[in-house]
Amino acid sequence: MSEGDSVGDSVNGKPSVVCRFSTRLGQIYQSWLDKSTPYTAVQWVVKLGLSFVYMIRVYLLQSWYIMTYALGIYHLNLFIAFLSPKVDPSLMEDSDDGPSLPTKQNEEFQPFIRRLPEFKFWHAATKGILVAMACTFFEAFNVPVFWPILVMYFIMLFCITMKRQIKHMIKYRYIPFTHGKRTYKGKEDAGKTFAS
């Protein structure tokens, strides 16, 4: 193989056309992701819209149930990572190094840090829907299955997984949802001013 034969190799010190194109495409994609970051409501509406389109497609075609099952399992996995703390408190019980969640009333409060942040959750879930949608255009992914069995498997898996996650949340006393900074009310102003 001579110099410059590979797709990513450079010829005479310059990157190949394919390498430059893929780098530029990645930069444009990242730019659009960065611009969409402040618009979380719009992101979730787009994700729900894509989910709705995917479900309509599967319903109309009456096939690709195994792809839908795989997509559901993938979303469940992402959701569990979204609900889980970055540092698992069960692993931190014995060791004294590193941060841990407070277990007693007098311990210092530490904010909840997710294992999978919301933006990455949205991004991975949206990519998952797009990949599943693309797979519905290829007959090779259309594995014939009896779909009620898949629905029952998914419901059982969801219930068992969420029960385990809720028990973990109760045992280590953490809540994965925050609603901003707490505000405290002082004494109410009587409206009287002191005049000198």
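Residues numbered from 1 in each chain as written. Predicted model: local features only at pLDDT ≥ 70, side-chain atom pairs only at ≥ 80, totals over all residues. Heavy atoms only, no water.

- Looking at an unreviewed UniProt entry, the protein carries the name Protein RER1, with the source organism given as Zalophus californianus.
- Checking UniProt for the protein, the heading Subcellular location (unreviewed entry) contains the comment "Membrane".
- Under Sequence similarities (unreviewed entry), UniProt gives the following word-for-word description of the protein: "Belongs to the RER1 family." (UniProt positions renumbered as here; feature names shortened; annotations may be inferred.)

### Focus: the overall build of the protein
Here comes step 1: Summing up its helical and strand segments, the protein has six helices and two strands in all.
Here comes step 2: When the helices and strands of the protein are placed in sequence order, the string is β-β-α-α-α-α-α-α.
Here comes step 3: Out of the 196 residues in the protein, the part that is buried amounts to 27%.
Here comes step 4: Restricting to contacts in the protein with at least 6 residues of sequence separation, those with at least 24 account for 78%.
Here comes step 5: Summed over its atoms, the accessible surface of the protein is roughly 15500 Å², and 65% of this surface lies on carbon and sulfur atoms. (Helix = DSSP H or I, 4+ residues; strand = E, 2+ residues; numbered from the N terminus. Buried < 20%, exposed > 50% of the residue type's maximum accessible area, 1.4 Å probe, protein only. Contact = heavy atoms within 4.5 Å. Areas by Shrake-Rupley, 256 points an atom, 1.4 Å probe, with all protein chains shown as cover.)

### Regarding the UniProt feature "transmembrane region" (unreviewed entry) in the protein
Here comes step 1: UniProt's entry tags residues 64–83 and 145–162 with the feature "transmembrane region" (unreviewed entry), counted in the numbering of this structure.
Here comes step 2: Annotated as 95% helix and 0% strand, the span residues 64–83 places its first and last C-alpha atoms 29 Å apart.
Here comes step 3: Helix makes up 89% of residues 145–162 and strand makes up 0%, while its end C-alpha atoms are separated by 26 Å.

### Topic: the packing of helix α3 (residues 65–83) against helix α5 (residues 118–135)
Here comes step 1: Following both chains from N to C, one finds α3 and α5 inclined at 175 degrees, their axes separated by 10 Å at the closest point. Between α3 and α5, the angle is such that the two are roughly antiparallel. Facing Met67, Leu71, Tyr74, His75, Leu78, Phe79 and Phe82 of α3, the residues of α5 in contact are Glu118, Phe121, Ala124, Ala125, Gly128, Ile129, Ala132 and Cys135.
Here comes step 2: The residue makeup of the contact of α3 with α5, split by class, is twelve nonpolar, two polar and one charged. (Axes fitted to C-alpha atoms, helices over the stretch in contact; angles between N-to-C directions. Parallel < 35°, antiparallel > 145°, perpendicular 65-115°, else oblique. Nonpolar A, V, L, I, M, F, W, Y, C, P; charged D, E, K, R; others polar.)

### Some thoughts on the packing of helix α1 (residues 17–36) against α5
Here comes step 1: Contact geometry of α1 with α5 gives a least axis separation of 12 Å together with a crossing angle of 125 degrees. With respect to α5, the axis of α1 lies oblique. As for how α1 packs across α5, the hand of that crossing is right-handed. Residues Tyr29, Leu33 and Ser36 of α1 touch α5, and the partners they reach there are Phe119, Trp122, His123 and Lys127. (Left-handed = near helix turned anticlockwise from the far one by under 90°.)

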